[in-house]
Amino acid sequence: NTILDTDKIRADFPILDIKVGNKPLVYLDNAASSQMPQQVIDRLVRYQTAQHANINRAVHYLSEVATLEYEHARRRVQQFVNAQEDREIIFTSGTTDSINLVMHGYGRKFIEAGDEIILTTLEHHSNIVPWQMLAKEKDAVIRVVPINDAGELDIDAYEKLFNERTKFVSLIHVSNALGTINPVKQMIAYAHQQNVPVLIDGAQATPHMTVDVQDLDCDFYVFSAHKLCGPTGIGMLYGKAALLEAMQPYKGGGDMIASVTFEETTYADIPHKFEAGTPPIAAAIGFGAAIDYLCSVGMDQIAAHELDLLNYATEQINEIKGASIIGTAAHKTAVISFTLDGIHPHDIGTLLNEDGVAIRTGHHCAQPVMQRFNVPATSRASFAFYNNKTEVDALITGIRMVQKVFL
Ligand code: PMP
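In this text the structure is predicted, and so the values were computed from the model without any measurement.

### A few points about the overall build of the chain
Right, so step 1: The secondary structure content of the chain amounts to 14 helices and 17 strands.
Right, so step 2: Here the C-alpha radius of gyration of the chain, 22 Å, is about what a compact globule of 407 residues would show, namely 22 Å.
Right, so step 3: Put simply, 70% of the contacts in the chain that link residues at least 6 apart link residues at least 24 apart.

### As for the UniProt feature "domain: Aminotransferase class V" (unreviewed entry) in the chain
Right, so step 1: Feature annotation in UniProt places "domain: Aminotransferase class V" (unreviewed entry) on residues 26-395, given in this structure's numbering.
Right, so step 2: Secondary structure within residues 26-395 divides into 40% helix and 17% strand; the distance between the first and last C-alpha atoms comes to 8 Å.

### Comments concerning the pairing of strand 7 (residues 166-172)
Right, so step 1: Extensive coverage of strand 7 is indicated by the burial of six of its seven residues.
Right, so step 2: Inspection of the sheet shows strand 5 (residues 116-120) paired to strand 7 by three bridges, in the parallel sense. Bridging across to strand 7, E116 finds its partner in T166.
Right, so step 3: Between the parallel elements strand 7 and strand 8 (residues 198-201), the chain passes through helix 7 (residues 184-193) in a crossover that is right-handed.

### A look at the domain arrangement of the chain
Bring the parts together and some accessible area is lost; that lost area is often taken as the interface size.
Right, so step 1: What the domain assignment lists for the chain is domain 1 (6-29 + 298-406) and domain 2 (51-296).
Right, so step 2: On a C-alpha basis, the centroid separation for the pair domain 1 and domain 2 is 29 Å.
Right, so step 3: Each partner contributes residues to the interface: domain 1 has 21 residues there, and domain 2 has 21 residues.
Right, so step 4: Within the residue set of the side of domain 1 that touches domain 2, elements represented by two or more residues are helix 11 (299-318), strand 14 (335-340) and helix 13 (367-372).
Right, so step 5: The element contributing the most residues to the side of domain 1 that touches domain 2 is helix 11, with five residues.
Right, so step 6: In the side of domain 1 that touches domain 2, the residues fall into 11 nonpolar, six polar and four charged.

### A closer look at the sheet that holds strand 14
Right, so step 1: Strand order in the open sheet formed by four strands is 13-14-17-16, with antiparallel pairing between adjacent strands. Among the strands making up the open sheet, the edge pair consists of strand 13 (323-326) and strand 16 (360-362). Taken over all neighbouring pairs, the strand axes of this sheet differ in orientation by 30° on average, direction set aside.

### Some points on the site of the ligand
Right, so step 1: As a matter of local geometry, the ligand sits amid 13 residues, with G94, T96, N176, A203 and S224 nearest to it.
Right, so step 2: Among the residues making up the shell around the ligand, the classes are represented as three nonpolar, nine polar and one charged.

### Examining unusual backbone geometry
Right, so step 1: For the peptide bond that leads from I270 to P271, omega is 5°, which places it in the cis range.
Right, so step 2: Considering the arrangement of structural elements, one finds P271 in the loop between strand 12 (265-267) and helix 10 (281-297).
Right, so step 3: Of note, C229 is a non-glycine position whose phi angle comes to about 70°, a positive value.
Right, so step 4: Structurally, the position occupied by C229 is in the loop between strand 9 (220-224) and strand 10 (235-239).
Right, so step 5: Taking the number of C-beta atoms within 10 Å as the measure of exposure, C229 has 28 and is therefore buried.
Right, so step 6: With phi around 60°, H364 is a residue other than glycine that occupies positive phi space.
Right, so step 7: When you line up the elements, H364 lands in the loop between strand 16 and helix 13.

### Points about helix 12 (residues 345-354)
Right, so step 1: Residues of helix 12 that are buried: P345, I348, G349 and L352. Seen along its axis, helix 12 keeps its buried residues to an arc of 95°; they face one direction.
Right, so step 2: Considering only its buried residues, helix 12 is in contact with strand 14, strand 15 (357-358), strand 16, strand 17 (378-382) and helix 14 (389-406).

### Comments concerning the pairing of strand 17
Right, so step 1: The element strand 17 is extensively covered by neighbouring structure, given that five of its five residues are classed as buried.
Right, so step 2: Sheet topology note: the strand 14/strand 17 ladder contains four bridges and is antiparallel. If you follow I336 over to strand 17, its bridge partner there is A381.
Right, so step 3: Taken together, the three bridges between strand 16 and strand 17 define a ladder with antiparallel strand orientation.

### Some remarks on the packing of helix 4 (residues 95-110) against helix 5 (residues 129-138)
Right, so step 1: Helix 5 packs onto helix 4 with a crossing angle of 25° between their chain directions and a minimal axis gap of 9 Å. By the angle class used here, helix 4 and helix 5 are roughly parallel. Helix-helix and strand crossings are classified by hand; for helix 4 and helix 5 the assignment is right-handed. Contacts from I99, N100, M103, G107 and R108 of helix 4 reach helix 5 at P130, W131 and L134.

### Things to note about the environment of K23
Right, so step 1: By secondary structure assignment, the location of K23 is in strand 2 (residues 23-24).
Right, so step 2: The class of K23 is partly exposed, set by 14 C-beta atoms lying within 10 Å.
Right, so step 3: Along the primary structure K23 and G342 are separated by 319 residues, whereas in three dimensions their C-alpha atoms are 27 Å apart.
Right, so step 4: Setting aside anything within four residues of it in sequence, one finds K23 in contact with D355 and G356.

Rules and cut-offs
Residues numbered from 1 in each chain as written. Predicted model: local features only at pLDDT ≥ 70, side-chain atom pairs only at ≥ 80, totals over all residues. Helix = DSSP H or I, 4+ residues; strand = E, 2+ residues; numbered from the N terminus. Rg over C-alpha atoms; globule rule 2.2 N^0.38 Å. Contact = placed C-beta atoms within 7 Å. UniProt positions renumbered as here; feature names shortened; annotations may be inferred. Buried ≥ 20, exposed ≤ 12 C-beta atoms within 10 Å, placed from the backbone. Pairing = 2+ DSSP bridges. Right-handed = clockwise from strand over helix to strand, strands pointing away. Domains from an automatic or database assignment. Nonpolar A, V, L, I, M, F, W, Y, C, P; charged D, E, K, R; others polar. Axes fitted to C-alpha atoms, helices over the stretch in contact; angles between N-to-C directions. Near = placed C-beta within 6 Å. Arc of directions from axis to C-beta. Parallel < 35°, antiparallel > 145°, perpendicular 65-115°, else oblique. Left-handed = near helix turned anticlockwise from the far one by under 90°.

Structure representation (C-alpha cells):
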C-alpha cells in the first residue's frame, strides 16, 4: 500500500464499509462491476435535484443546463481516451450495446458473403455473439486467434489468418477471464497494413490503464462506465469520424434525424445519428464524474498499485497446495482466475461469501477460454485500486478455509 493511500481512497467509497453477515465486505469482483465513490454519487444527486430535464429539445433553462452537462460528459470521455473530436464519442448503454451498434451500423453495411471477421479465443461473449449473428445473416466466416498455455494470443497465428477476404478485426484489449493484456497496438498496425479496420473491446482495460485511441490508432473502441466507478446503463463507442459518418444508424427515432416526412428521413450528424431517443442523461453525467474521479487518483498510480496487489496475491496463491492459477501472461491486469483441486468453483464462491469475500465463479461470459483450459469454470478474484493487502490476506485465509472444509 505504498503507491496509493488506500485508506484515504477507501473513505470515498461508502459501500466498502458494509458488513456481510458480521464480516467486513472484501469486494474482489471488480471485473464485473466496480464501486462508486461519494463524488460520483453526489454528482448524480446534484443532477437529479437541480439539473434534470430532457436535452436537445427545449429553450428553457433546465433543458439548456442538462444539455450542456450531457455534452460536457461527452468531452470528458473524449479526453479520457484522447479522441480527436467529441463527435467521435457515442453514448451507448454499455460495451455490449456499442459492439452491437458497430455490428449493425458497419457490419451489416460493409460485410458480404464469404468475407472473414477475425476474433480471438479470449473474447467475452459480447464480442462473439453479435459477429456470429452477422456471419449467419451474411454467410460470412469467423476466424479465431488461438492462445498459448499462459493465456496469451498467438501473434504469428493472428497474422497468418489474414487474406484478401478479411474485412474486420474485433479484439479484446484485456481479458476479463484471465487478465491478459493483449498487444493491441501492434495487432492494429498489422491489420491496417492489410487495410482492415479494428474494434477494440476496452471494457477491462479502461479501468486499469491509460488508453489513447489516437496512439493505438484503433478504428473503434468500446467500454462501459460501471466497470470504472460509474453508473450502469451507460457506456461509449469511439469511432473515427469518417467511419461513423459512413455507417448506417442502428436505432431510429427522435433526436437522430435532420428531417422526417413519411417518404424520407435524413439523419442528424454524428454523434446524434447514433443516439436515438432520450439518452441516459443522468448516467452520462455520472460517467463523466467517474472519469474525473479516476483521473484525480491517476491512471498510472492505479496501474502501479494494482500490479503490486497482483504480484502479492499471485505469490500467495502459488504457495497454496492444490491451487492453480489459469492465465499466467507476462502482462496482466490484477485478475486472478484459479481452480482448487477437487472443489467446484461454485462452492468456493459460496464459502468465501460466508467470510464476506466477494469473488466471481463461473465461465465469466468467456466459454471458449474455459474450453481452451479444459475447465467448466474458474474462481476469479479481480482487484481495483481501492483494494489493499489486508483484503488479499482475507482472500488467502478464505481459500485455505475452503480447502479445510472440503479436504
Ligand atoms: N467485454 C468485456 C471484456 C467485459 O469484461 C464485459 C463485461 N463483463 C463486456 C464486454 C460486456 O460489458 P457490458 O455487460 O457492460 O455490456
